[in-house]
Amino acid sequence: MTESMTDSPPADGVVVDGVARSFGSVHAVRQASFTARSGSITGLVGPNGAGKTTLLLMLATLLRPDAGSIRIAGIDPVADPVAVRALIGWMPDTLGTWSSLSPRTALTTIGRMYNLDVQAARRRASELLATVGLTHLADRPARVLSRGQKQRLSLARALVHSPRVLLLDEPASGLDPAARTELRALLRRIADDGATILISSHELAELEVISDAAVYMSAGLTASSDALTHAATTTRQWRIRALGDAPLATALQQIGVAPENIATDNRGTLVSVTGDADAAQLLSALVAAGTAVTSFAPAVGDFEHTFLDLTKNSAADQHPEPGPEGAAQ
Amino acid sequence: MNLFRGLGLIIGLELRQRVRGVAWYVLIGVFVALVAIVTLLLWFTTHTWSTDGADGAGGWLYSLIIYFVLLLGTLATPALSGNAVNGERDAGTLATTQVTLVSTTQIVLGKFVAAWIASLAFLVASLPFVIVAFVLGNLDVGTVVVSFLVLAAELGVLAAIGVALSAIVTRPLFSIVLSYLVVAALSVGTLIAFGLLGSVTTSTATETYIGFEADEYDDATGEPIDPVCQEPRTHTYDVPRFDYYWGILAANPYVVIADAAPGGFDTHGTPTNLFSALSSGVRSLQTPPVLDSVRDICNGGAPGATYLADQPTPEEVHDAAVPSWFVGLGIHVLVAAGALWWAIARTRTPAKRLPTGSRVA
């Protein structure tokens, strides 16, 4: 169980080893093991009910794991929750706001709960309100905030004490595209300062843009490296666009691509290819055949492909979880 | 985090968001209006009594005000405190507080103190009328001080039970209803239990009656002439044994306040406020009924009701009996402290067991 602990864990990172947690007969997390390094953003990928929220609750010192060990910057959250709380910023998936308090009061109060003095807490609140773009609403009661604005307030709350480890549960849901871009830039800045960031989401394209590494989770299990290798070598579709549809179809036929591996959609021609080497070969063959290729890319992102492949395999391997929505309960 | 700093933060937060609402001021306004009406009516009915200032109705008015505060406190406190913890859990703001450096103990105790402060507002709002009661006269300072303190303690017990239930029970509606049931059990349930148990448990009492016969009566005085005593006659009947169960009433908050208040009797030993009237009544229940009584109206040839002589005054009954208020209050405080302890254990994180159907966040 402590094998992965022996090869020097990152000083500031998150190390999860063999963690399990069940609620009665519902096994929300069966076996989770991964490492999130400091200075990087790690995506926690999985379908609804995979156990992501439960895992984050254990990391956030709110739930006690049934088995396994967690180290946050080397500290065990079960043995010393207070020390861990000083280090982590947690943004929950449920948007809780004190509806009668203004965002400024709420953030100042939270700052004081982290032992900041009144002046420092007020300064920090103003700073964060500007960072998340809520300054114009800072003194209105929080009940007037929209979902996206509450989301930003929730993020600001997680950042009040400049935590070294950030645990974000679906931080981008409810945000407009511009706010998502800002969120990405903000998180990248925080990670570049040396913080460890763990983001859970099922919005894979979004997560893929921002993450340096990914942890895949399904039915309470984090994916093993074998499963990931398998996913990387399975067949996936590549979308090809060229000047003129007819020359592309002809070229594919000439190269010898089986017709059952070719499909078309409104955005181009889809060709099933196994592995990156085959894809490279296909591209050079097309170019050699004189096709004017304008776009050649995987039809789905890496995260989505891996995720779909893992979900397919785990569904084949085991019975699906009963009542997946109860997993975080 | 420093215990008092965390407590102060939670109390401030609670008072700002839970209490400071329009509904709260309406409630206080209704309370003030009610007490004002009672004061006015008592003033009109009693200011004519007082000829020399010694028998003013200030004591009655004061004790009524205090019972009003207790009544409104028992009605409002469960509503204000009964969802303090589970309501925040439902709103998703409990967990975000628990991941800060404020401890679970500080959260639960802070909510308790805030609920207590809120219920003490009734006591503060009643202060002008207490002054009116002093003007009416016949009010003992000792009575005022003790009943104020005991009332404050009882309101604290109610606040503690409400907050604790909100942490122990998952659903806010359920915990509020349960808090009301606890209040009802203490205020009304003790009376019902006492009455029923006392009536069910009976003893057989024997009374010996000695009458007299006389042929002639004096026309002027109505006294019998040459009365002859009859043979004693006995008959038996069942008497309820309330003296076995008076301890149940000690758990009633109204009785606790009444029993704790000192003084409240005039020179004839009769009560001058509701507290002494109630507590001398309750304490008289400690005396077992006389199971073997003699009613001798013949009185050895000089007929009269001398057997009725030497009945103790309410003050004598009051002072001779065992005071029970500190037992009642002590049990209340212990229950409240135990409930808070359970609430803290139940809310502590990292959580090992979660109540079914609830989530940490």
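So, how was this worked out
- Residues numbered from 1 in each chain as written.
- Chains lettered and ligands numbered in written order.
- Predicted model: local features only at pLDDT ≥ 70, side-chain atom pairs only at ≥ 80, totals over all residues.
- Heavy atoms only, no water.
- Buried < 20%, exposed > 50% of the residue type's maximum accessible area, 1.4 Å probe, protein only.
- Helix = DSSP H or I, 4+ residues; strand = E, 2+ residues; numbered from the N terminus.
- Contact = heavy atoms within 4.5 Å.
- Axes fitted to C-alpha atoms, helices over the stretch in contact; angles between N-to-C directions.
- Parallel < 35°, antiparallel > 145°, perpendicular 65-115°, else oblique.
- Left-handed = near helix turned anticlockwise from the far one by under 90°.
- Nonpolar A, V, L, I, M, F, W, Y, C, P; charged D, E, K, R; others polar.
- Domains from an automatic or database assignment.
- Buried area = accessible area lost by both parts, 1.4 Å probe.
- Salt bridge = Lys/Arg side-chain N within 4 Å of Asp/Glu carboxyl O.
- Core = buried A, V, L, I, M, F, W, Y, C linked by side-chain atoms within 4.5 Å.
- 1 Å grid on protein atoms, 1.4 Å probe; cavity = no way out; pocket = protein on both sides within 12 Å on 5 of 7 lines; lining within 4 Å.
- Points joined across faces, edges and corners; volume = space filled by probe spheres on them.
- Pairing = 2+ DSSP bridges.
- Polar contact = N/O pair within 3.5 Å; in protein donor to acceptor, adjacent residues only side chain to side chain.

### Comments concerning helix α11 (residues 253-260) of chain B
Each turn of an α-helix holds 3.6 residues, which means side chains three or four residues apart point in the same direction.
Part 1 of the argument: Of all eight residues that make up α11(B), eight are buried, and the element is covered over most of its length.
Part 2 of the argument: Those residues of α11(B) that are buried are in contact with α3 (58-81), α8 (141-168), α9 (172-200), α10 (246-249), α12 (274-284) and α14 (325-347) of chain B.

### Digging into the packing of α11(B) against α14(B)
Residue and element names in this part refer to chain B.
Part 1 of the argument: Two elements in contact, α11 and α14, have axes separated by 8 Å at closest approach and are oriented at 135°. Comparing their axes, α14 and α11 come out oblique. Judged by the twist between their axes, the crossing of α11 over α14 is left-handed. The residues of α14 that touch α11, namely those facing Pro-253, Val-256, Asp-259 and Ala-260, are Trp-325, Gly-328, Leu-329 and His-332.
Part 2 of the argument: Class assignment of the residues belonging to the contact of α11 with α14 gives a composition of five nonpolar, two polar and one charged.

### Thoughts on the domain arrangement of chain A
How big an interface is tends to be stated in terms of the accessible area lost upon association of its parts.
Residue and element names in this part refer to chain A.
Part 1 of the argument: Here chain A is described as being made up of domain 1 (3-99 + 156-222) and domain 2 (229-304).
Part 2 of the argument: Each of domain 1 and domain 2 has a C-alpha centre, and the two are 36 Å apart.
Part 3 of the argument: Taken together, the contact pairs eight residues of domain 1 with four residues of domain 2.
Part 4 of the argument: In total, about 500 Å² of surface goes out of reach between domain 1 and domain 2, with carbon and sulfur atoms giving 69% of it.
Part 5 of the argument: Scanning the region where domain 1 abuts domain 2 turns up zero salt bridges.
Part 6 of the argument: For the side of domain 1 that touches domain 2, the elements supplying multiple residues, two or more each, are α8 (204-210) and β8 (213-218).
Part 7 of the argument: Residues that form the side of domain 1 that touches domain 2 fall into these classes: six nonpolar, one polar and one charged.

### Side note on the nonpolar core
Part 1 of the argument: Residues A:Leu55, A:Leu59, A:Leu167, A:Leu187 and A:Ile197 are the most contacted members of the largest nonpolar core, which totals 103 residues.
Part 2 of the argument: The element best represented in this core is α8(B), accounting for nine residues.
Part 3 of the argument: Setting aside residues no more than four positions away along its own chain, A:Leu187 makes contact with A:Ile41, A:Leu166, A:Leu168, A:Ile197, A:Ile199 and A:Ile210.
Part 4 of the argument: Formed by 41 residues, the second largest nonpolar core is a distinct cluster that contains B:Tyr62, B:Val130, B:Val183 and B:Leu329.

### A word on the domain arrangement of chain B
Residues and elements named next belong to chain B.
Part 1 of the argument: Along its sequence, chain B is carved into domain 1 (3-194 + 328-347) and domain 2 (202-320).
Part 2 of the argument: The distance between the C-alpha centroids of domain 1 and domain 2 comes to 39 Å.
Part 3 of the argument: On the domain 1 side of the interface with domain 2, the three residues burying the most area are Trp-60, Tyr-67 and Phe-194, jointly 34% of the side's total.
Part 4 of the argument: Counting only elements with at least two residues in the side of domain 1 that touches domain 2, the list comes to α3, α8, α9 and α14.
Part 5 of the argument: Here the element with the most residues in the side of domain 1 that touches domain 2 is α3; it accounts for ten residues.
Part 6 of the argument: Class assignment of the residues belonging to the side of domain 1 that touches domain 2 gives a composition of 15 nonpolar, eleven polar and two charged.

### Remarks on empty space enclosed by the protein
Residue and element names in this part refer to chain A.
Part 1 of the argument: Taken as a whole and assessed by the stated rule, the structure comprises six cavities of 30 Å³ or more.
Part 2 of the argument: Quantified by volume, the largest cavity comes out at close to 100 Å³.
Part 3 of the argument: Around the largest cavity, the lining is made up of 14 residues, and of these Pro-171, Ala-172, Ile-199, Glu-206 and Leu-207 lie nearest the centre.
Part 4 of the argument: The set of elements that each furnish at least two residues to the lining of the largest cavity consists of α7 (177-192), β7 (196-201) and α8.
Part 5 of the argument: For the lining of the largest cavity, the class distribution of residues is seven nonpolar, three polar and four charged.

### Quick word on the sheet that holds strand β7 (residues 292-296) of chain B
Residue and element names in this part refer to chain B.
Part 1 of the argument: In space, the three strands of this open sheet follow the order β6-β1-β7, with mixed pairing throughout. Every interior strand has two partners, whereas the edge strands, β6 (233-240) and β7, have only one. Between one strand axis and the next, the sheet turns through 25° on average, direction left out of account.
Part 2 of the argument: As judged from the eight bridges shared by strand β1 (residues 202-210) and β6, these two strands associate in the antiparallel manner. Looking at β6, one finds that Thr-202 is bridged to Pro-240.

### Some thoughts on the interface of chain A and chain B
Part 1 of the argument: Taken together, the 37 residues of chain A in the interface contact 29 residues of chain B.
Part 2 of the argument: Between chain A and chain B lies a buried interface of about 2900 Å² when both sides are counted; carbon and sulfur atoms form 63% of it.
Part 3 of the argument: The interface formed by chain A and chain B contains zero salt bridges.
Part 4 of the argument: In this assembly, chain A and chain B are joined by eleven residue pairs in polar contact (both at pLDDT 80 or more).
Part 5 of the argument: Where the side of chain A that touches chain B is concerned, the elements lending two or more residues are β1 (14-23), α2 (52-59), α3 (81-87) and α4 (103-113) of chain A.
Part 6 of the argument: Of all the elements, α4(A) adds the most residues to the side of chain A that touches chain B, at five residues.
Part 7 of the argument: Classifying every residue of the side of chain A that touches chain B gives 20 nonpolar, ten polar and seven charged.

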